[in-house]
Amino acid sequence: MRIVSLLPSCTEIVCVLGCADQLVGRSHECDFPPEIQSLPVCTSARLDPAASSAEIDREIKSLLQRALSIYEVNAALIEQLHPDVILTQDQCEVCAVSVDVLRKALPGHPEIISVSAARLADIWADIQKIAEALGMEVEGKALLLQLKNRVVDVIQKACMIKKRPSVACIEWIEPLMTAGNWVPEMVDLAGGHTLLAVPGKHSEWIDWTKLAEADPDVLILMPCGFDLERTRKESATLAACRGWAGLRAVKANNVFITDGNHYFNRPGPRIVDSIEILAEILHPKLFSFGREKKAWARLVQ
């Protein structure tokens, strides 16, 4: 089978199922595992990924107002690759190439598999869906059992915690957006109490006042598409806000930065790593997975 994956999480699912050698093309955002980076790149973005949070937000809104897609699909290249299956998503037109954009670019392609996760259960379902499409149903079930057992290991320890810290997760910094969808559920599983977000609901824009009023015990930054160092750099915008120093999380030195791009924003196999990261952040005396300074760090004020 010849596979083109236009979503990083789908690329990871294909690889962990043992089908990396069947990938013939990827999106510009697919960057893991490292061996897939030599594949032909079939998409590009119409914005500058190196711009600031505020600048990226303005560019996205301008494109959407003009009814333009944020991403371009190299239809000619995909046709040359002769894929049997194309993997994409239909949850968010900002996050990656949507199925509608792809169908317009490739109106005659017979097999487009689209994923759309809102909660952890949807991520499990998408993994099995892709496994079945690739003829790897048994391997998919085995993978899911392994992933779910790791989650159970976290739950068994976290369920004994009597005092759960209140947690606000930030998916975008300027303007502020809280992390929704599967993130609130993961926070709760890892022994926290989610503020300003509802499991299964889209991430929401909030203003600074709402965050200050919620005044969480712990603040975790996980901007969509940003790695650890990029998040560290962008955090300066929050630190400049009036009243920042008075936040409970700031005073207790409980503000954390994460690699949202490779973990929290990516609904694939490493979503379990993300739950383990949250557990490690929230309850370091109970959990240690060795990911500090690699996938997350305490923000030094």
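Here the structure is a predicted model, which means the values were calculated and not measured.

The next point concerns the pattern of salt bridges. Pairing between side chains of opposite charge can happen when the charged atoms of each approach one another. By the definition in use, this model includes 13 salt bridges. One salt bridge in this structure joins Arg-232 and Glu-229, with 3.2 Å as the shortest N-O distance. Here the residue Arg-232 and the residue Glu-229 both occupy positions in helix α9 (residues 228-239), the gap between them amounting to 3 residues, near one helical turn. Exposure remark for Arg-232: the relative accessible area of 32% places this residue in the partly exposed category. The class of Glu-229 is partly exposed, set by a relative accessible area of 48%. A salt bridge links Glu-234 to Arg-230, with the shortest nitrogen-to-oxygen separation between them at 3.6 Å. Highlighted residues: Glu-234 and Arg-230, both in helix α9, separated by 4 residues, approximately one helical turn. What makes Glu-234 buried here is its relative accessible area of 8%.

The next subject is the sheet that holds strand β6 (residues 112-115). Sheets are built from strands paired through backbone hydrogen bonds, the pairs being either parallel or antiparallel. Read from one edge of the open sheet, 4 strands run β2-β1-β5-β6, paired in parallel fashion. Edge positions in the open sheet fall to β2 (23-26) and β6, since each of these has one partner strand only. Each strand of the sheet is rotated relative to its neighbour by a mean of 20°, with strand direction disregarded. Relative to β2, strand β1 (residues 3-5) runs parallel, the two being bridged by 3 bridges. Each residue of the ladder has a partner; that of Ser-5, found in β2, is Arg-26. Sheet strands in contact with helix α5 (residues 120-133) are β5 (85-89) and β6, and its direction is about 165° off that of β6.

Once that is clear, we can look at the packing of aromatic side chains. Tallying each qualifying case throughout the model produces 4 aromatic pairs. Centre to centre, the rings of Trp-172 and Phe-226 are 5.1 Å apart; their planes meet at 45°, and the pair counts as tilted. Residue Trp-172 is located in strand β7 (residues 166-172), and its partner Phe-226 is located in the loop between β11 (218-221) and α9; the two are separated by 54 residues in the primary sequence. Look at Trp-172 and you get buried, because its relative accessible area is 9%.

So, on to the pairing of β11. Where burial is concerned, the two faces of β11 agree: the one with Val-218 and Ile-220 and the one with Leu-219 and Leu-221 are both buried. The pairing of β11 with strand β12 (residues 255-258) spans 3 bridges and is classified as parallel. Note on β12: the bridge partner recorded for Ile-220 is Phe-256.

There is about 160 Å³ of room inside the second largest pocket. Surrounding the second largest pocket, Lys-163, Pro-165, Asp-217, Val-218, Arg-248, Ala-252, Asn-254, Phe-256, Ile-281, Leu-282, His-283 and Arg-298 form its lining. Class assignment for the residues of the lining of the second largest pocket results in 6 nonpolar, 2 polar and 4 charged.

The subject of this paragraph is the packing of α5 against helix α6 (residues 137-158). One way to put it is that α5 packs onto α6 with a least axis distance of 8 Å and a crossing angle of 160°. With respect to α6, the axis of α5 lies roughly antiparallel. The crossing of α5 and α6 is right-handed. Contact residues: Trp-124, Ile-127, Gln-128, Ala-131 and Glu-132 in α5; Glu-137, Gly-140, Lys-141, Leu-143, Leu-144, Leu-147, Lys-148 and Val-151 in α6. Looking at the contact of α5 with α6 residue by residue, the classes come out as 7 nonpolar, 2 polar and 4 charged.

Below, the discussion takes up the environment of Ile-206. Among the structural elements, Ile-206 can be located in the loop between β10 (204-205) and α8 (208-214). A relative accessible area of 10% places Ile-206 in the buried class. For the pair formed by Ile-206 and Met-177, sequence separation is 29 residues and the distance between their alpha carbons is 5.7 Å. Apart from the residues within four sequence positions on either side, Ile-206 is in contact with Leu-176, Thr-178, Leu-196 and Leu-211.

Attention now moves to α6. Between the first and last C-alpha of α6 there are 31 Å, a value that for 22 residues agrees with the 32 Å anticipated at 1.5 Å per step. Listed as buried for α6 are Gly-140, Leu-143, Leu-144, Leu-147, Val-151, Val-154 and Ala-158. End-on view of α6: buried residues confined to an arc of 100°, all on one side of the axis. Exposed side of α6, more than 90 degrees from the buried face: Val-138, Lys-141, Leu-145 and Gln-156 are the residues found there. The elements touched by buried residues of α6 are α1 (8-16), α5, α7 (183-189) and α11 (271-282).

Criteria and cut-off values
- Residues numbered from 1 in each chain as written.
- Predicted model: local features only at pLDDT ≥ 70, side-chain atom pairs only at ≥ 80, totals over all residues.
- Heavy atoms only, no water.
- Salt bridge = Lys/Arg side-chain N within 4 Å of Asp/Glu carboxyl O.
- Helix = DSSP H or I, 4+ residues; strand = E, 2+ residues; numbered from the N terminus.
- Buried < 20%, exposed > 50% of the residue type's maximum accessible area, 1.4 Å probe, protein only.
- Pairing = 2+ DSSP bridges.
- Axes fitted to C-alpha atoms, helices over the stretch in contact; angles between N-to-C directions.
- Contact = heavy atoms within 4.5 Å.
- Phe/Tyr/Trp six-rings, centres within 6.5 Å; stacked < 30°, edge-to-face > 60°.
- 1 Å grid on protein atoms, 1.4 Å probe; cavity = no way out; pocket = protein on both sides within 12 Å on 5 of 7 lines; lining within 4 Å.
- Points joined across faces, edges and corners; volume = space filled by probe spheres on them.
- Nonpolar A, V, L, I, M, F, W, Y, C, P; charged D, E, K, R; others polar.
- Parallel < 35°, antiparallel > 145°, perpendicular 65-115°, else oblique.
- Left-handed = near helix turned anticlockwise from the far one by under 90°.
- Expected span 1.5 Å × (residues − 1).
- Arc of directions from axis to C-beta.

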